[in-house]
Each structure stands twice: as C-alpha cells, then as structure tokens.
Amino acid sequence: YSNHIAALAAAGELFGFETVGLIRGDELNAESNETLKLAADKGMELRFLSREEYRKRNDPEWLKAVQQENPECFIIPEGGANELGVQGCREILSFPYDLSGYDQVVCAVGTATTLVGLICSLNEGQKALGISVLKENYLQQHVENQLSCIPCQSKDWGLNSSFHMGGYGRVIGPLIDFIGEFYKLSGIFAEPVYTGKMIYAVRELCQEYYFPPA
C-alpha cells in the first residue's frame, strides 16, 4: 500500500527512467491492490519478496547484493527513509504555499521521514503532530534518534499512536464511514491507509479539545 511505490512509479513514467519495486509478500501480484496495479500501469517492474527476505531490507550485505545485481540502480529505502528523503520533506511547508501562519502541522506517519522533515522546518510557535498508522510502538524512539543525528532548530512535536485501527493497511468500518462522510462534506477523497486515518484522528482530537483554541 506504499504511497512511495506509487509516487516513484509515476515519476519514472513522467521523467523516463526505469523503476523497480521490491514488494513484501511473494503471494501477491500486480492486481492485489490499487497501489500495485497503479505502479504496474505506470511501468514499474514489481519484484515480490517473501516476508523473511523483506526483513533484510536494511541489512548492509543484502543491500550490497541488490546493488551488485543492479549496478546502475539507485536504491531508495522503505518510505524514502534516508537523509535525502528528510531533506525533501523539509521543503513541504514552504512549497507551493506559505504555511508559516499555521500553529499546528499534522501528518500521517509510516517510517516517520515526512514527520522528521516537517519538524526540522517548523517556524517558531509551530508544532508538528504525527499520527501513526502502524501498530508497532518503536516510532517515538525512531524519530528521536533521527532528530539527534541532523541539524534541527525546532523540536516541538508529538506522536499519537492511538489511531492505527488495527495496524498498517487495516481498514475498519468506522473509518470507511468517516471517509464517506468527509467526501460528502469536502469533495476530497481520503485514502484509508494514511490520510483517512490522519483526518479521522484530527476530528477525534478536536472533539477532545486537544488543540488549543485560536
């Protein structure tokens, strides 16, 4: 369900370079969900890995072997989670609109790359809130570790892990109902893996008076 897979495939089609997606789950195929179908339609070659092999995705020896098999490739880690990914996400608050007037910035969190980039580009008085879509509870420490390794002026941020709704890619009835209601009110379709959970969380947190009044 990776947005990064879909985005990379679209970029490859637009700019004319070949793309390969290493996908967890060797029982899957290009028709298994809309994300994979879109990537395949955009020309991405999909290689399906067993869950056991996918666990090696950050292992230096495994990555070295992938690079040797594909000597001209540039390897992008899961979720774009590297220094360049953070650098790109630091630009979000200034492009294409000036968001300096907002005091709260909220984003969905998978690998937390986007959240780290946002934290590092906050203006004085702004706070970033990440809404985790993962059931795992390692993200808080993961974000802290990333922030400790890069120059970052602002560190006013929070992470909420209460709205994963069963885990990554899990979709439950209340979320589907909310996405439908939100579409009727706004005309915006929020996909359920990331954005839908984030907007749902914002509504619930508003009802709990989490955000201070203007």
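Trainee: Explain helix 6 (residues 113–120) here, please?
Mentor: In terms of residue burial, helix 6 counts as a mostly covered element, since seven of its eight residues are buried. Here helix 6 has its buried residues at Thr113, Leu115, Val116, Gly117, Leu118, Ile119 and Cys120. The inward-facing, buried residues of helix 6 contact helix 5 (83–89), strand 3 (104–109), strand 4 (127–132), helix 7 (139–148) and strand 5 (157–160).

Trainee: Where do I start with the side chain of threonine 19 in this structure?
Mentor: Mapped onto the elements of the fold, threonine 19 is located in the loop between helix 1 (3–15) and strand 1 (20–24). Of the residues examined, threonine 19 reaches a relative accessible area of 6% and is grouped as buried. When neighbours within four sequence positions are excluded, threonine 19 is seen to be in contact with Leu8, Ala9, Gly12, Gly43, Met44 and Glu45.

Trainee: What exactly am I supposed to notice about the side chain of glutamine 146 here?
Mentor: Following the sequence through the fold, glutamine 146 ends up in helix 7. Taking relative accessible area as the criterion, glutamine 146 reaches 17% and is therefore assigned buried. Separated by 2.9 Å, the side chains of glutamine 146 and histidine 142 make a polar contact. Excluding residues that lie within four positions of it along the chain, glutamine 146 makes contacts with Val86, Thr111, Ala112 and Val116.

What counts, and where the lines are drawn
- Residues numbered from 1 in each chain as written.
- Predicted model: local features only at pLDDT ≥ 70, side-chain atom pairs only at ≥ 80, totals over all residues.
- Heavy atoms only, no water.
- Buried < 20%, exposed > 50% of the residue type's maximum accessible area, 1.4 Å probe, protein only.
- Helix = DSSP H or I, 4+ residues; strand = E, 2+ residues; numbered from the N terminus.
- Contact = heavy atoms within 4.5 Å.
- Polar contact = N/O pair within 3.5 Å; in protein donor to acceptor, adjacent residues only side chain to side chain.

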